[in-house]
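Report on the structure
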Amino acid sequence: MNPGDIVYVKAGTYSETVTLSKTGSADNRFTIEVYNNDEVTVTGGFTFTGDYYTVKGFKITSGAIRFNSGASYNIADNCFLDRVSGTAVLFSSGSSHNTARYCNIYRPGNKGCEITGSYNTFEYCVIEGPTGQNGGDSDGLRTNNGDHNTIRGNHIFRIFQVGSSHADCMQHWLGFRNLTVEDNILGSWETSPTRDPANAHFMLEIFDDSYDVDGLIIRRNIFLGGGPRSLNVNESHPSKKFY
């Protein structure tokens, strides 16, 4: 592909992980999308390592959408991640200005989405039923020490807790700077005999002074029933306080 090219992919199942490594520009993006609303499955998903790609309309059944360190200005649009084995959408540390939007994530084996990096956006997506069954926690969405990230207009619900996995709709972990969380619908949980009483619609977890906390905006979110707590603030270090 050359910058500005559009590739249409016809119906079929492609048993691979696609790595997108080239560099385009704002005026000359790479575009890869399904042809004429065909059902196109890329089993291993997409790994972004380059810049200025748009990927649209694909089904992913085992892998993930990954924005790796160094990837920037990429868009994953209207993809369906169906019972993938781990975390469905991952913005890595060192990624920036990437967007996942209008994606449908159903029963991922770990978290629905994890966001770090900077100036990344996760918006207008549906996360249903993260399970944690393949190890780790089953949070709908987790942030992890990022800067200027945005979580907007998502619906996260039917949270499962399997065994000892922790299961929040959203967990904000190890610090953050300039995080905006707005217009999301959070809840509910599936019944579990081992439910952690600390599970929450929105959890803040800060351990020590090595992690910055600044510029949090939470507005116009809806917390639906079924969770033990709406807001769980765990201030494990005395110098970190939320008011």
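This report concerns the structure included in the present document. Being a predicted model, the structure only gives us computed values, none of them experimental. (Residues numbered from 1 in each chain as written. Predicted model: local features only at pLDDT ≥ 70, side-chain atom pairs only at ≥ 80, totals over all residues. Heavy atoms only, no water.)

1. Some thoughts on the overall build of the chain
Which entries qualify depends on this criterion: Runs of H or I in DSSP of at least four residues are treated as helices and runs of E of at least two as strands, each being numbered from the N terminus. In short, Shrake-Rupley with a 1.4 Å probe defines the accessible areas, and a residue's cover is counted only from the protein chains shown.
What the chain contains, in helices and strands, is zero helices and 29 strands. Per element, the accessible surface of the chain, about 10,300 Å² overall, is 45% carbon and sulfur.

2. Things to note about the nonpolar core
Put simply, the test is: The set of buried Ala, Val, Leu, Ile, Met, Phe, Trp, Tyr and Cys residues whose side-chain atoms join them within 4.5 Å is what this entry labels a nonpolar core. Buried residues are those whose accessible area, probed at 1.4 Å on protein chains only, stays under 20% of the maximum for their type, while exposed residues exceed 50% and partly exposed ones sit between those limits.
Ranked by internal contacts, the top residues of the largest apolar core, which has 45 residues, are Phe46, Phe48, Phe58, Ile65, Leu81, Val89 and Phe122. Top contributing element to this core by residue count: strand β4 (residues 30–34), with three residues.

3. Regarding unusual backbone geometry
Residue Asn36 is not a glycine yet carries a positive backbone phi of 50 degrees. Judged by relative accessible area, Asn36 falls into the exposed class, the value being 59%. The phi torsion at Tyr119 lies on the positive side, around 55 degrees, for a residue other than glycine. Position of Tyr119 among the secondary structure elements: in the loop between β15 (113–115) and β16 (121–123).

4. Describing the environment of Thr19
Counted only if it meets this: Working rule for contacts: check all heavy atoms of both residues, and any pair within 4.5 Å makes them a contact.
Mapped onto the secondary structure, Thr19 falls in strand β3 (residues 18–20). The spatial distance from the C-alpha of Thr19 to the C-alpha of Thr49 is 7.0 Å, given a sequence separation of 30 residues. Apart from residues no more than four positions distant in its own chain, Thr19 is found in contact with Thr47 and Thr49.

5. Some words on the packing of aromatic side chains
Note the following rule: Geometry of aromatic contacts follows a simple scheme: Phe, Tyr and Trp rings, the Trp one being its six-membered ring, pair when their centres are within 6.5 Å, and the pair is stacked under 30 degrees between planes, edge-to-face over 60, tilted otherwise.
Here the structure, examined in full by the defined rule, presents seven aromatic pairs. Measuring from ring centre to ring centre gives 4.8 Å for Phe48 and Phe67, while their planes differ by 15 degrees; the resulting arrangement is stacked. Of the two residues, Phe48 is situated in strand β6 (residues 45–48) and Phe67 in strand β9 (residues 64–67); the sequence distance between them amounts to 19 residues. Note on Phe48: relative accessible area 0%, which makes it buried. On the numbers, 5.0 Å between centres and 5 degrees between planes, the contact of Tyr52 with Tyr73 is stacked. Taken together, the positions of Tyr52 in the loop between β6 and β7 (53–56) and Tyr73 in the loop between β9 and β10 (75–77) put the pair 21 residues apart, joining distant regions of the chain. In this structure Tyr73 comes out as partly exposed when scored by relative accessible area, which is 34%.

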